[in-house]
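Chain by chain, the residues run as shown.
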Amino acid sequence: MAVAISSATGVLSLLNEEDDALRLYALQVLNKLVHEFWFQVASSIASVEAFYEDEEFGHRDLAALVASKVFYHLGELDDALSYALGAGALFDLSERSEYVETILARCIDSYIEQRQKAAEDKSSPEVDPRLTAIVERMFDRCTQDAQYEQAIGIALESRRLDRLEQIVTAAPDQVHLLAYSLDICNRLVVSRDFRQEVLRLLIRLYEAASIPDWVNICQCLMFLDDPQKVAHILDRLLKGSQDDCLLAYQICFDLFENEMQSFVLQVAEKLDSLAPPPPPQPAAAAAAPAANGDAPAVPTPSAPAATDNGAADGASAMETDDAGKAPEAGSAPAATEPTAAAAPAPAPEESEEVKSHRARLADVKRILAGSLPIALHLEFLYSHNHADLQILKNMKGAIEARNSVCHAAVIFANAIMHSGTTIDTFLRENLDWLSRATNWSKFSATAGLGVIHRGHLSSGRSLLAPYLPTQGASASPFSEGGALYALGLIHANHGQDIRSFLLDCLRSASHEVVQHGACLGLGLAALGSNDEELFEDLKSVLYTDSAIAGEAAGYALGLLCVGSATDKATELLAYAHDTQHEKIIRGLAMGLAMIMYGREEGAETLIEQMSRDQDPILRYGGMYTIGLAYRGTSNNGAIQKLLHFAVSDVSDNVRRAAVTCLGFVLMNNPAQCPRIVALLAESYNPHVRYGAALAVGLACSASGLPAAQRLLEPLMKDAVDFVRQGALIASALVLMQQPESKVAGFRKQIEKLVADKHEEVMCRMGAILAAGILDAGGRNVAAALRSPAGHFRRTAVLGLAMFAQYWFWYPLSYFFSLALRPTALIGLDSTLRTPQFEVTCQARPSLFAYPPPVTTESGKDVAKIPQAVLSTTARAKDKAKRKAAEKEATEGDKMDTGDKTPASGEAEAMETDEKAGEGAASAEAGAKPAAAPEASSFQMANPSRVLPDQEKFIRFKTPAARFAPMKRHAAAGFVVLKDSQPDKPVEYTSTAGPASGPGSQPAPTPAAPPAAAQNGNTAEDDEPPPPEPFEYVPSS
């Protein structure tokens, strides 16, 4: 029978014996009892340590294990780890105890720290081999227990690419682990250089798989900026089977949605070089157009020869019976007339494979150029528009006529609400009201048309024709500058077709306002193109030292060279020191920040220069340089710098920018942002509180995070007006595209603030902006920082960074439209059209339904106050009712009027309107039948709106269904579908595109202000209507 041990004192006395066998026995017993009697063993820890340090003692490892356990209980984890390493093989990793797990975690952290230091600093000491031994055993343990994801995490953090390759190769499900590794690499790997090494390894592992995942391979190659290899992969897929071609289409759609336009254009150029050569032309057929100076064309047997009435030389080159007659327009084909010359030899026929490849290549170029995806987005936003015009009408009626700030805010709200829908009904119906915008307000109102028609590439210039600069006649410079800015917003990131027009307008412009709009438009249209010619032209505008034009030139230079880290940044920084205009300095500061976009460690030199500058505006730009260079990396060094400036800088603008840029750095981990800025949100400085609100809005946009809402709720009741403004805008960002159950309360709060004429103007402006953001794009878009493939959308990040500059310059708020992406599922088949098919959403229909429309009554009467009725009035009404009842009774009228005579006691009491309606309401509720239970799922037709929270509920139908996605786990964005029944006819969706709607008409031209408005006696639209027509009969 075992005896329970109540004390370790007797065992500890054996440690003082001379016999090693007794010492060994004591250590073995103490190893078993140490977790219970560690407090007693701690008194003799010096003896145990002495045994470990004695090199002649044969059981040093056991002494080290006992010492490690004692120090673990004492809370000295570093000493515990040191002795655990000395224990060697006796430290059992398979033991499932709190001690082993804690020491292992400490061991892994130390190993990762030493490995990272060794990678960054070659002069640092080598990693402790004992640490390496334990981590190697940890890898083996994870592999044996099939804990592959945990092992991959350790391998990536410790930069062990050899182990990463071994783990993925040994795993049974390599496809899942490769996708997991790619996701972890993009989200958690901090070092840019190491991230690229991981991506190269993943590409090699993907290619070695039995069925390579070409979608993810091309994503990795895009991160590595290797357009040549992407083009080769696409060319190989286009030459393959039908499934390979569909996969190539899906890859191209993913590349487009990542919005790296410069990379996509390079891929298209490489594909052109890989395309099959054009078919050879017959010599006789090519001679005639060559003589006319035209390019050779492929002749068609049934088409007439193209002739020019004025080209006598081309006509005389052909020898016919009627050689002296020039061919007339509409004459019979020359090939059918009798000629002396022999018929031209027919062109050699191309093979079916070459024809198919050429057609597929044309489709791929349509996708990469953006013409097809943008057209599909326009069609979706137009046909699914659910913007509520009554909200805009209510806001328009609530603001005062002379409040230009709120007037401009309503115009912004309308533009964002209808972003990309091409629907400008509100503007057309309120031209007189719109005409109140003057000077820069007119500039902003005109720019708003670019937001409404964003993506309408084919008709953008014609839509804005009434405003654009023309030769000879000159309209208002503010409307001309706004139109050029609007043209840039329409063609943002896809401005190849409009580049030359904008450049000509910039060169011919003499007014600084027109130059301002042309610079912004050029920067948007040539985003990230690094065009040398445009750079020189913009720099020449900058050097004119005009404050208004120079500020826009600074922004445009940053947009043009975004992410390039060009050496010309030094020249721009030097000019920022030379100029005396704060506007130009601010434009250059933001431009420099955009030039360093995504450069991470490569931007450190410029960050150090700008953040230590004496000029607070350049320090302000230094904060945005940190935020954009380390966007979405959660880099600890960047966070520490921003926090340091947030609490120590003497400039409120710098402190506000530092806190705001925390949102950019933490974009990849939204849940972490509210926790980090929680204390800053309680700062005594209102600028810091504003920055905390905006940081949460940027990082948690369209996420609906409860933690973000809890942080913003008290800020919406702040004592300072601009803090409330920032909190309202941030709340709208967080609640974008969220279920209406989460948003209804916030909508009511916005409505109340806008209607309250005693509220501060800044707060009302924030509420109006929030209303527009909340219903952006007809309630079909969200401020999405990542593409469906998980890549950061550069255009979206830049758009939000520039939107934050509305603090200084309201027209920059329209950059917000760059961050918007349709929340849609658009399925396409092999013809790149949208077939009719359905997907299943495994959730209640009401959960993700559009919000109900706002009625006129709810817009005007936010809270109805009960109306009191005096007792004298009640008595008079009671008397009149009794007289009416007596009169009807005497006349024999048997009709029941339904009026009840109240008791005298009730007539004396005060009555309210609400009491009168209670009985009717209760009777109505009783008559209403019980609602049927709501379905647990519903079907969605193609294309459909899919909210971010809804994606996890989307299911394609059973394998027996006709259409299936080519990409796994596709729930939103462009989804290329495989048709399992290609022999059957396909029915396609027939939606009215924007070309047939009101958006195809020219943009509304504001009418001249009415006479009353010109005299300053403006009246609201809520005037009583004129009396009804009547005939006047004079009295005799």
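Residues numbered from 1 in each chain as written. Predicted model: local features only at pLDDT ≥ 70, side-chain atom pairs only at ≥ 80, totals over all residues. Heavy atoms only, no water.

## Side note on the overall build of the protein chain
If you tally the helices and strands in the protein chain, you get 49 helices and eleven strands. Expressed as a percentage of its 1036 residues, the buried residues of the protein chain come to 49%. Look at the contacts in the protein chain between residues 6 or more apart in sequence, and 74% of them connect residues 24 or more apart. When the accessible surface of the protein chain is split by element, carbon and sulfur atoms take 53% of a total near 48300 Å². (Helix = DSSP H or I, 4+ residues; strand = E, 2+ residues; numbered from the N terminus. Buried < 20%, exposed > 50% of the residue type's maximum accessible area, 1.4 Å probe, protein only. Contact = heavy atoms within 4.5 Å. Areas by Shrake-Rupley, 256 points an atom, 1.4 Å probe, with all protein chains shown as cover.)

## Some thoughts on the packing of helix α10 (residues 174-188) against helix α11 (residues 192-208)
Where α10 contacts α11, the two axes come as close as 10 Å, and the packing angle between them is 165 degrees. Classed by the angle they form, the pair α10 and α11 counts as roughly antiparallel. Considering the relative orientation of α10 and α11, their crossing is left-handed. The segment α10 lies against α11, with Leu 178, Ala 179, Ser 181, Leu 182, Cys 185 and Asn 186 engaging Arg 195, Val 198, Leu 199, Leu 202, Leu 205 and Tyr 206. Residues belonging to the contact of α10 with α11 are distributed by class as follows: nine nonpolar, two polar and one charged. (Axes fitted to C-alpha atoms, helices over the stretch in contact; angles between N-to-C directions. Parallel < 35°, antiparallel > 145°, perpendicular 65-115°, else oblique. Left-handed = near helix turned anticlockwise from the far one by under 90°. Nonpolar A, V, L, I, M, F, W, Y, C, P; charged D, E, K, R; others polar.)

## Section: the packing of aromatic side chains
Throughout the structure, instances matching the rule amount to 27 aromatic pairs. When the ring of Phe 426 is compared with that of Trp 433, the centres are 5.8 Å apart and the planes differ by 70 degrees; the resulting orientation is edge-to-face. By relative accessible area, Trp 433 is classed as buried at 4%. An aromatic cluster of at least three residues, connected via ring pairs, comprises Trp 440, Phe 443, Phe 478, Tyr 485, Trp 809 and Phe 815. (Phe/Tyr/Trp six-rings, centres within 6.5 Å; stacked < 30°, edge-to-face > 60°.)

## Observations regarding the environment of Arg 160
Topologically, Arg 160 is positioned in the loop between α8 (148-157) and α9 (161-170). When its relative accessible area of 9% is taken as the criterion, Arg 160 is described as buried. A sequence separation of 38 residues divides Arg 160 from Val 198, and the C-alpha atoms of the two residues are 9.8 Å apart. Contact partners of Arg 160, with chain neighbours within four places excluded, come to Tyr 111, Arg 115, Glu 136, Phe 139 and Ala 155.

## Looking at the side chain of Asp 718
Along the chain, the position of Asp 718 falls in the loop between α39 (706-715) and α40 (721-734). A distance of 2.9 Å separates a polar atom in the side chain of Asp 718 from the backbone nitrogen of Val 720. (Polar contact = N/O pair within 3.5 Å; in protein donor to acceptor, adjacent residues only side chain to side chain.)

## Let's talk about the sheet that holds strand β7 (residues 938-941)
Strand order in the open sheet formed by three strands is β7-β4-β9, with antiparallel pairing between adjacent strands. Of all strands in the sheet, those with a lone pairing partner are β7 and β9 (954-955), marking the two edges. Here strand β4 (residues 838-841) runs beside β7; their pairing, made up of four bridges, is antiparallel. Bridge pairing in β7 places Cys 841 opposite Phe 938. (Pairing = 2+ DSSP bridges.)

## Topic: the pattern of salt bridges
Per the counting criterion, the structure on display carries 38 salt bridges. In this structure, Glu 136 and Arg 163 form a salt bridge, with 2.6 Å as the shortest nitrogen-oxygen distance. With Glu 136 in helix α7 (residues 129-144) and Arg 163 in helix α9, this residue pair connects regions lying 27 residues apart in the sequence. Owing to a relative accessible area of 11%, Arg 163 belongs among the buried residues under this scheme. Several salt bridges converge on common partners, so that one network encompasses Glu 136, Asp 140, Arg 160, Asp 162 and Arg 163. (Salt bridge = Lys/Arg side-chain N within 4 Å of Asp/Glu carboxyl O.)

## What to know about the nonpolar core
Formed by 298 residues in total, the largest nonpolar core has its most connected members in Phe 91, Phe 664 and Phe 816. Setting aside its immediate chain neighbours within four residues, Phe 91 contacts Leu 65, Ala 84, Tyr 99, Val 100, Ile 103, Leu 104, Ile 134 and Arg 137. Counting 17 residues, the second largest nonpolar core, distinct from the first, contains Leu 825, Leu 947, Ala 971 and Val 975. (Core = buried A, V, L, I, M, F, W, Y, C linked by side-chain atoms within 4.5 Å.)

## Quick word on helix α2 (residues 20-41)
Here α2 is 22 residues long, yet its end C-alpha atoms lie only 19 Å apart, well below the 32 Å a rise of 1.5 Å per residue gives. Considering bend angle alone, the principal kink of α2 is centred on His 35 and spans about 100 degrees. Considered for burial, the residues of α2 that qualify are Arg 23, Leu 24, Ala 26, Leu 27, Val 29, Leu 30, Asn 31, Leu 33, Val 34, Phe 37 and Val 41. Buried residues belonging to α2 abut α1 (9-13), α3 (45-53) and α4 (60-74). Where α2 begins, the side chain of Asp 19 points an oxygen toward the backbone nitrogen of Ala 21, at a separation of 3.1 Å. (Expected span 1.5 Å × (residues − 1). Bend = angle between axes of the 7 residues up to and from the residue.)

## A look at the confidence of the model for the protein chain
Averaged over the protein chain, the pLDDT score is 81; the fraction of residues at 70 or greater is 82%. Across residues 284-342, confidence stays below pLDDT 50; counting only partners more than four residues off in sequence or on other chains, it has 26 contacts. Under a pLDDT of 50 for its full length, residues 893-926 has, in the predicted model, 23 contacts with residues more than four places off or in other chains. (pLDDT = per-residue confidence, 0-100.)

## Focus on the environment of Asp 388
Note on placement: Asp 388 falls in the loop between α19 (371-383) and α20 (389-398). Residue Asp 388 is classed as buried on the basis of its relative accessible area, which comes to 9%. Here Asp 388 is in contact with Arg 779, Pro 853 and Val 854, once residues within four sequence places are set aside. Within the structure, the side chain of Asp 388 is placed 2.5 Å from the backbone nitrogen of Val 854, a separation counted as a polar contact.

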